[in-house]
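# Inside the fold
Given next are the chains, with one letter for each unit.
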Amino acid sequence: MDNNVHPGNTIRLINALIKANKRFDFMLLPGKPHVYGDMQPYFNRLLMEYFAEHLIGDYYRTGAEIR
């Protein structure tokens with residue numbers, strides 16, 4: 001979990017967004033503080049796919065496996 005935000009604060013924020021009927025995206029990287037460490041390749045791939053989908057409308061994905 002993030003080392004500068006208590007997990008309860010994250011849960012309260014998510015709860016408030018849901019109650020306000022707001023759309024949001026959330027990614028949890030278990031065991032990681034405020035950086036990605038050995039999950040950096042995974043994070044980079046998801047970030048690129050997210051931008052491709054939401055900024056240029058490219059919804060093509062090669063599969064569920066992230067290489």
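Rules used throughout
- All residue numbers here refer to positions counted from 1 along the written sequence of the relevant chain.
- At least 70 in pLDDT is required for a residue's local features to be given in this predicted model, at least 80 for side-chain atom pairs to be given and counted, and no such filter applies to totals for whole chains, interfaces and linings, which use all residues.
- Computation of side-chain values: all heavy atoms of the structure, hydrogens and water removed.
- For this analysis, a salt bridge means a side-chain nitrogen from Lys or Arg found within 4 Å of a carboxyl oxygen belonging to Asp or Glu.
- In this description a helix means any DSSP run of H or I spanning at least four residues, a strand means any run of E spanning at least two, and both kinds are numbered starting from the N terminus.
- Note on exposure labels: buried denotes an accessible area under 20% of the residue type's maximum, exposed denotes more than 50%, and partly exposed covers the range between, all computed with a 1.4 Å probe on protein chains only.
- Each residue after the first adds 1.5 Å to the expected span of a helix.
- The pairing test for Phe, Tyr and Trp rings, Trp by its six-membered ring, is centres within 6.5 Å, and the orientation test on the planes gives stacked under 30 degrees, edge-to-face over 60, and tilted for anything in between.

## Looking at the pattern of salt bridges
Taken as a whole, this structure holds three salt bridges when the rule is applied. The residue Glu49 makes a salt bridge to Arg45 at a minimum N-O spacing of 3.0 Å. Highlighted residues: Glu49 and Arg45, both in helix α2 (residues 40-56), separated by four residues, approximately one helical turn. Note on accessibility: Glu49 and Arg45 belong to one class, buried.

## Regarding helix α1 (residues 7-19)
Taking 1.5 Å per residue, 13 residues should reach 18 Å; α1 reaches 19 Å between its end C-alpha atoms and fits that length. Just downstream of α1 lies Asn21, where phi reads positive at about 55°.

## Let's talk about the packing of aromatic side chains
The final tally for this structure, using the stated rule, is two aromatic pairs. With a centroid separation of 3.9 Å and an interplanar angle of 15°, the aromatic rings of Tyr36 and Phe43 are classed as stacked. For Phe43, a relative accessible area of 15% puts it in the buried group. Consider the rings of Tyr50 and Phe51, whose centres lie 6.5 Å apart with planes at 65°: the pair is edge-to-face.

## Brief notes about unusual backbone geometry
The residue Asn21 is not glycine, and still its phi comes out positive at about 55°. As for its placement among the helices and strands, Asn21 is situated in the loop between α1 and α2. Looking at Asn21, the relative accessible area reads 71%, which means it is exposed.

## Some details on the side chain of Lys32
Mapped onto the secondary structure, Lys32 falls in the loop between α1 and α2. Classification of Lys32 as buried rests on a relative accessible area of 17%.

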